[in-house]
Amino acid sequence: MAMAGEAMIAYRSLIRATRKSFAGDKVMLKESAKEIRKRFEESRHVTSPTEIQRLLDEAREASHFISTMIVQAKLNERGGYEVKPTQEHAGATLDIPSEEILRKSARGGKD
């Protein structure tokens, strides 16, 4: 039962990380929650303690990555995008997405 509790903690941690990193971006919030749920459901019937531990470690690593390596770009009044990293992102290398990806996200994923 302890592993089930750890899985719930990992799941909630991932959801919190995406809510923080993707705040205001309905498309990313919806899609990330869907992907997290899918991955946990796929692993629901894993019984090997070693495999469960590997999956929990992977979930913790993903939560940390989302929290520290993802910075949301926001459209400014000049029509450009601004990135405002926080202290959590200190020392991280930023990969800036293309203008096309940013525009699609700003339109709510609609082409």
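See the structure shown above.
Read on for an overview of the structure. Since we're looking at a predicted model, the values are computed, not measured. (Residues numbered from 1 in each chain as written. Predicted model: local features only at pLDDT ≥ 70, side-chain atom pairs only at ≥ 80, totals over all residues. Heavy atoms only, no water.)

1. Brief notes about the overall build of the protein chain
When you go through the protein chain residue by residue, the secondary structure sums to four helices and two strands. Tracing the protein chain from N to C terminus, the helices and strands come up as α-α-α-β-β-α. Expressed as a percentage of the 111 residues in the protein chain, the buried residues total 21%. Roughly 8300 Å² of accessible area belongs to the protein chain as shown, and the carbon and sulfur atoms make up 56% of that amount. (Helix = DSSP H or I, 4+ residues; strand = E, 2+ residues; numbered from the N terminus. Buried < 20%, exposed > 50% of the residue type's maximum accessible area, 1.4 Å probe, protein only. Areas by Shrake-Rupley, 256 points an atom, 1.4 Å probe, with all protein chains shown as cover.)

2. Re the packing of aromatic side chains
Taken as a whole and judged by the stated rule, the model has one aromatic pair. Seen in terms of ring centroids, Y11 and F40 are 5.2 Å apart; in terms of plane orientation they differ by 80 degrees. Their pairing is edge-to-face. A residue pair is termed long-range when its members are at least 10 positions apart, and Y11 in helix α1 (residues 2-21) and F40 in helix α2 (residues 26-42) qualify at 29 residues. (Phe/Tyr/Trp six-rings, centres within 6.5 Å; stacked < 30°, edge-to-face > 60°.)

3. Re the nonpolar core
Membership of the largest hydrophobic core is limited to 10 residues, which are A10, Y11, L14, I15, A17, I36, I52, L56, A59 and I66. Secondary structure elements with two or more residues in this core: α1 and α3 (49-69). Here the element with the most residues in this core is α1; it accounts for five residues. (Core = buried A, V, L, I, M, F, W, Y, C linked by side-chain atoms within 4.5 Å.)

4. Structural notes on the layout of surface pockets
Rolling a probe over the atoms, with the probe sized like a water molecule, indicates the empty space that remains. Volume-wise, the largest pocket comes out at about 910 Å³. Every residue lining the largest pocket is counted, 29 residues in all, and those nearest its centre are Y11, I36, R39, F40 and S43. Take the lining of the largest pocket: its biggest share by element is nine residues, from α2. Of the residues that constitute the lining of the largest pocket, the class distribution is 19 nonpolar, three polar and seven charged. (1 Å grid on protein atoms, 1.4 Å probe; cavity = no way out; pocket = protein on both sides within 12 Å on 5 of 7 lines; lining within 4 Å. Points joined across faces, edges and corners; volume = space filled by probe spheres on them. Nonpolar A, V, L, I, M, F, W, Y, C, P; charged D, E, K, R; others polar.)

5. What to know about the pattern of salt bridges
It is possible for side chains of opposite charge to pair when their charged atoms get near one another. Applying the stated criterion across every chain yields a total of 10 salt bridges. Of the charged contacts, one joins K34 and E31 as a salt bridge, the two residues approaching to 3.4 Å between their closest N and O atoms. Linking K34 with E31, this pair stays in helix α2, spanning three residues, or about one helical turn. Between E35 and R39 there is a salt bridge, and its shortest N-O distance comes to 2.8 Å. Of this pair, E35 and R39 both sit in helix α2, four residues apart, roughly one helical turn. Its relative accessible area of 49% is what places R39 among the partly exposed residues. (Salt bridge = Lys/Arg side-chain N within 4 Å of Asp/Glu carboxyl O.)

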